[in-house]
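# A closer look at the structure
The chain contents come next:
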Amino acid sequence: MIRLRWLFVIFPIFLLLSLVFAEGTRTWEQSKFDDLIKGTTKGVAVRSTGGLELAPAFTALSTTPSTYIWSIAADRDGNLFAAAGSPARVYRITPDGKSTVIFEPQELQVQALVVDKNGVIYAATNPDGKIYKIEHAATENSAGSKKSTPKATADSAWSSSVYFEPGTKYIWDLVLDDANNLYVATGDHGEIFRVTPKGEHSTFFKSDEAHIRVMAIDAKGNLIAGSDGSGLVYRISPGGEGFVLYSAPKKEITALAIDKAGNIYASGVGEKHGGATPPTFSSPVISIPTPSSAASMGPQSGIVITAAPASTSATSINFPTPGAGAAGGSEIYRIAPDGSPSHLWSSREDIVYALAFDPHGRLLAGTGNRGHVFAISGEDEFTDLLKASATQVTAFANAPKGGLYASTSNLGKVFLLSATPESEGSYESDVFDAHNFSRWGRAEFRGGGKVELFARSGNVDNPDRNWSPWQRIDLQKDNAITVPPARFIQWKTVLRSGDPAPRVESVTINYLPKNVAPDFDDVTVQAGVRYQSLPKTAGADLTGSAQQPRFDTPPPTTHDRDAIGVKWTVHDDNDDQMVYSVYCRGDGDARWLLLKDNLTDKFYSFDASLLPDGGYTIKVVASDAPSHSPGQALTAEKESARFEVDSTAPQIENLAAAIEGDNLHVTFRAVDSFSNIKRAEYSVDAGEWQFVEPAGQLSDSKTENYDFRVNLPTPTTTAKASGPLEHVVVVRVYDRYDNLSSAKTVIRGK
């Protein structure tokens, strides 16, 4: 039997993640959406199917003092009106970007607004919602309207009056039909009111939901409405008869849009919860005074919009905002004219606040909290169109020349989304780490149109810290990358409008890392273990052309007292394929004995009988020769801690026993050629084994003498009658490595 005096800690069983073996020239390719989205875009859109294209022109039109813009609408002349909060205002923004405040109520937010055919504005406020009619001061107020004096900061050319008070806590949305009837979506009783052009109002529809969040009018004059609570999409006839078109998997419908073919698009957010008790939502910090206790506000609706850090004087209030408490991202559904629903798009990170159509009929989704606009062209097919310099894109409205206005929150801004693409856009890839000092070869490019490609390199991960300048790659010649050899590289492309439209499908960079030697982490030796080889995976990729992860699973082990198992951990910064050789050397020997070479596994087992008793050291040599030309390979080696092999049992000499009265006197000597005697035991007449100490009590030598007496067993009457008694004495001895030997003697009594 063998044991080890010194052992390294055996590594726990777990999966070691590393890269596939690599050799020679390698490639870094970027073509997929998940790779390209990591880069920095400027006027460039990223397609979900992979590749880059020019994005629509997107320019900032106006920046308001308000933190939130909840709703926007445009008149026939292209003037935009924005409903804002913190502070609560209605802004008039001309097509050239000039902004004026035309209404500033006492309420906390202007939540929604619409503009009728005559340029009259209807604006809804929250909480304790009211609807105000805002028009040029020269225009007469409608009969029955209460005049309201705006704050002095508002433009005096505009007047406002209270048009309708529904008596509900919240007003979420407003729409006008062709007859100029105004529909008002409210909470917290889930009612829709209708106000005629004469100012007559009535309850148009009463749902069993807490909030009606959004509305739209279809081509047949039906009102389409989305709720918060169960995520319902209603179709309500002009007579007020409601029908649930769809119950979404999400709890809240945040936006609606209807295309020319009659397809209804609805976005949903938030996870549904069972039970009748509505969930409690957290709300943003808004820098306005607290009007009342949050406990009195009842069930709340809305997507969480995280405000920019407020000043120390700001008051934190529990005010419901569109989509509060939304978790798990958002989804967009399409309801066909025949009523059949389908899932169109989803995101785990982005919350949809607004839906609209671009001039090409593509569905646009304004999202937060990263400020992205997505163009959705089909089921799970989309383009990450652009990113606004704000946190949430909250609303769209038609702009002159086929464009769209887009509003944002955090900060409250208005942008113009053009119907035509940018004349020029650029894209910078993320930084690629080759992990080693590398030479850069040629670039492989797929795309078309007016496209330029550039590259730069450096030896720190931040390109702003003294990297090489951008170097143009000649795509018409040899595509050579002329940047200096380094560890890191980055590419940039510039797209310019033209016919055909510019596009980038993929960029691949060839490179050759400088070879470095393998690096050992540890070599461990364990006695009594035999490792079993794992079957090789058919078709394993050893080329290194694609850096895909692989798993090194720990080898199966079996207990074998006559085996020695060696295991090592080693890595190669080039991710080269490696082969290993295992050597052994005894104490005092000058030469290493080769046990096995050309191993591809990171373990090896051998029989202990190959080695005489003594102290030994294992050495493992790793070579990256399989990944390099002859003469270019590098090696590394590591030695294990010293261990001992002892497979020879101790010897028992001069075993003798004699009867002295009622006692049995036993003597013997135990001798081992290599290790100390560990312990000894005896048994008399097949009795239990009993421990016995050596003569000096301490068992600390290769030779130990034993001299002891034991009481003789009392013979039975039958045994006495049969004649002289025989006693059998058996002794056994263990060395330090539990090698065992035994001996016996028989004595005849009187």
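Check the entry above for the structure.
A brief structural summary. (Residues numbered from 1 in each chain as written. Predicted model: local features only at pLDDT ≥ 70, side-chain atom pairs only at ≥ 80, totals over all residues. Heavy atoms only, no water.)

Moving on, we get to the sheet that holds strand β52 (residues 677-684). Taken in spatial order, the 4 strands make up an open sheet running β53-β52-β55-β56, and their pairing is antiparallel. One side of each edge strand has no neighbouring strand; the edge strands of this open sheet are β53 (690-692) and β56 (740-748). Here the strands of the sheet are splayed against their neighbours by 25 degrees on average, with no regard to which way each runs. Across 7 bridges, β52 lies against strand β55 (residues 726-735) in antiparallel orientation. Note on β55: the bridge partner recorded for V684 is V729. (Pairing = 2+ DSSP bridges. Helix = DSSP H or I, 4+ residues; strand = E, 2+ residues; numbered from the N terminus. Axes fitted to C-alpha atoms, helices over the stretch in contact; angles between N-to-C directions.)

It is worth spelling out the pattern of salt bridges at this point. Across all of its chains, the model carries 29 salt bridges by this definition. In this structure, R503 engages E505 in a salt bridge whose closest nitrogen and oxygen atoms are separated by 3.3 Å. Note that D607 and R530 form a salt bridge whose closest N and O atoms lie 2.6 Å from each other. Of this pair, D607 sits in strand β46 (residues 603-607) while R530 is found in strand β41 (residues 519-531), placing the two residues 77 residues apart along the sequence. Members of the salt-bridge network, linked through shared partners, are R47, E53, R503 and E505. (Salt bridge = Lys/Arg side-chain N within 4 Å of Asp/Glu carboxyl O.)

The next point concerns unusual backbone geometry. One can expect most non-glycine residues to show negative phi and most peptide bonds to be in trans. With omega at -15 degrees, the peptide bond leading from N126 into P127 counts as cis. Positionally, P127 belongs in the loop between β12 (121-126) and β13 (131-136). The omega angle of the peptide bond from D499 to P500 is 5 degrees, so this bond is cis rather than trans. With phi around 50 degrees, D128 is a residue other than glycine that occupies positive phi space. Mapped onto the elements, D128 comes out in the loop between β12 and β13. We classify D128 as partly exposed; its relative accessible area is 46%. With a phi close to 60 degrees, N479 is a non-glycine residue in the positive phi region. (Buried < 20%, exposed > 50% of the residue type's maximum accessible area, 1.4 Å probe, protein only.)

Here the focus is the packing of aromatic side chains. Applying the stated criterion across every chain, the model contains 25 aromatic pairs. When the centroid spacing of 5.8 Å and the interplanar angle of 70 degrees are considered together, the rings of F81 and W158 count as edge-to-face. With F81 in strand β8 (residues 80-85) and W158 in strand β15 (residues 158-164), this residue pair connects regions lying 77 residues apart in the sequence. Taking relative accessible area as the criterion, W158 reaches 6% and is therefore assigned buried. Grouped by ring-pair contacts, the aromatic residues W28, F432, W440 and Y511 constitute a single cluster. In this arrangement the basic side chain of R213 is found over the ring face of W172, its NZ or CZ atom lying 5.3 Å from the centre. (Phe/Tyr/Trp six-rings, centres within 6.5 Å; stacked < 30°, edge-to-face > 60°. Lys NZ or Arg CZ within 6 Å of the ring centre and 35° of its normal.)

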